[in-house]
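# Secondary and tertiary structure notes
Chain by chain, the residues run as shown.
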Amino acid sequence: MQVVSLIVSLYIMSPHILIIYTGGTIGMKQDPQSGALVPFNFWQITEEVPELKRFDYQLDALSFTPLVDSSDIRPDFWIQLAQTIKQHYDTYDGFVVLMGTDTMAYTASALSFMLEDLEKPVVFTGSQLPIGMLRTDGKENFISAVEMAAAKGPDGRPQVPEVCIFFENQLFRGNRTTKYSAEQFNAFRSPNFPPLAEAGIRIKYNNGFIRYPETWGKPLKIHTSLCCDLAIIKLFPGIQEKTVKGILAIPGLRAVILETYGSGNAPTLPWLIQALKNAIEGGILVCNVSQCHAGSVAMETYATGILLKHAGVLGGHDITTESAVAKIILLTGQYNDNKIINEKFDTNIRGEISI
Ligand code: ASP
């Protein structure tokens, strides 16, 4: 009797992890006819990683249908993912999302904004080489992601209750990441924020940088009203008036991300500043995000930035383009009042900016 109750309590104590497989290189194999990489059934993935059985965790898996290359992911996929996590939230201690790397930084950013009062880890990972290949990076990424999703701190609470990306040997805050390399196993960078954990011989958690809830025990809320009436204008020397004005004249446009130079600078061309000013006065949000991966937008540093500020352009601080896209899609989906959106865009909501 005693033994049984001990077994039961150990069983209850062991972390319960849900693996959500959505597609991507990690689960692909070569199509014998075309030679192209195409997704295969998830159950083959678990066969490829028998090491997972050595964890004393309860692992469950579910697979999206159809499986997708992440280049095909659209915001309705984000909604499906957020709803899946919400549906299973109370049953599991952590979630591992396997997906393609190409749009992983966008998806992790979006999920970070969609999941409010998240108290459990949601760890995204994938791979550069399919998991069935000899030199695959997928196995280690997968195994470490599961371990991090299951990790508890000394107080028994989840070690990293955030939306994260684990790749190669680092765990990053999802909304701080960008896909940096199409070639290296070390594919992601978080240029403006330190890793939340590093996997070496041991996994070292950087507790000082992890966001923990101020009070635990709040129910998870999900935000699924999204609006994609957004455009990105990337400045380059020689950008033409007709291009900028053409974009700003798109019917229904709610927001523009202006990818500027350096610390948020743009050419002093009068037509450009006037076009932005007119757009802003006409109700379009214009957000300044630097083309530089590291550092921050500071429009007051140079005359070329001050003009933008005076035109009403919003500073994006050190946000990544991926995170800015996700944040604007969420904010314009949730609010009609530009004053509220301006305020929220300028606020650190999920650790996406350093202020
Ligand atoms: N094209 C693939 C995808 O994003 C690449 C990858 O998985 O890394 O789904």
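A quick note: this is a predicted structure, and the numbers were derived from the prediction, not measured.

Criteria and cut-off values
- Residues numbered from 1 in each chain as written.
- Predicted model: local features only at pLDDT ≥ 70, side-chain atom pairs only at ≥ 80, totals over all residues.
- Heavy atoms only, no water.
- Pairing = 2+ DSSP bridges.
- Helix = DSSP H or I, 4+ residues; strand = E, 2+ residues; numbered from the N terminus.
- 1 Å grid on protein atoms, 1.4 Å probe; cavity = no way out; pocket = protein on both sides within 12 Å on 5 of 7 lines; lining within 4 Å.
- Points joined across faces, edges and corners; volume = space filled by probe spheres on them.
- Nonpolar A, V, L, I, M, F, W, Y, C, P; charged D, E, K, R; others polar.
- Near = heavy atom within 4 Å.
- Polar contact = N/O pair within 3.5 Å; in protein donor to acceptor, adjacent residues only side chain to side chain.
- Areas by Shrake-Rupley, 256 points an atom, 1.4 Å probe, with all protein chains shown as cover.
- Axes fitted to C-alpha atoms, helices over the stretch in contact; angles between N-to-C directions.
- Contact = heavy atoms within 4.5 Å.

## Focus on the sheet that holds strand 17 (residues 285-290)
Ordered in space as 15-16-17-18, the four strands form an open sheet in which the pairing is parallel. If you trace the sheet from one side to the other, it starts and ends with strand 15 (230-234) and strand 18 (314-315), each paired once. Both strand 17 and strand 18 contribute to a ladder of two bridges, which runs parallel. Each residue of the ladder has a partner; that of Cys287, found in strand 18, is Leu314.

## Some details on empty space enclosed by the protein
Enumeration over the complete set of coordinates arrives at one cavity of 30 Å³ or more. Approximately 30 Å³ is the volume found for the largest cavity. For the largest cavity, the full set of lining residues is Asn175, Arg176, Pro191, Asn192, Asp318, Ile319, Thr320 and Glu352. When grouped by side-chain class, the residues that make up the lining of the largest cavity number two nonpolar, three polar and three charged.

## Quick look at the layout of surface pockets
A volume near 460 Å³ is recorded for the largest pocket. Forming the boundary of the largest pocket are 20 residues, of which Asp117, Leu118, Arg211, Pro213 and Arg350 lie nearest the centre. Of all the secondary-structure elements, those providing two or more residues to the lining of the largest pocket are helix 4 (104-114) and strand 6 (115-116). Here the residues of the lining of the largest pocket sort into eight nonpolar, three polar and nine charged. Quantified by volume, the second largest pocket comes out at close to 310 Å³. Lining the second largest pocket are 22 residues, with Thr178, Glu259, His293, Thr321 and Glu322 sitting closest to its centre. Within the residue set of the lining of the second largest pocket, elements represented by two or more residues are helix 4, strand 10 (178-179), strand 17 and helix 9 (321-334).

## Regarding the site of the ligand
Residues in contact with the ligand, as listed here, are Gly24, Thr25, Asp69, Ser70, Gly100, Thr101, Asp102 and Ser127. Measuring from a nitrogen atom of the ligand, one finds a side-chain N or O atom of Asp102 at 2.8 Å. At a separation of 3.4 Å, an oxygen atom of the ligand approaches a polar backbone atom of Ser127. Contact with the protein chains covers 90% of the free accessible surface of the ligand, which is 270 Å².

## Examining the sheet that holds strand 12 (residues 197-199)
The strand order across the open sheet built from eight strands is 4-1-5-7-8-9-12-13, with neighbouring strands paired in mixed fashion. Taken across any chain shown, the strands that pair with only one partner, and hence form the sheet edges, are strand 4 (58-63) and strand 13 (203-205). In this sheet, neighbouring strand axes are inclined to one another by 20° on average, regardless of whether the strands run parallel or antiparallel. Against the sheet, helix 3 (residues 75-88) touches strand 1 (16-21), strand 4, strand 5 (94-98) and strand 7 (122-125), its axis set at about 160° to strand 1. Of the strands in this sheet, strand 1, strand 4, strand 5, strand 7, strand 8 (163-167), strand 9 (170-173), strand 12 and strand 13 touch helix 5 (residues 138-150), which is tilted by about 160° from strand 5.

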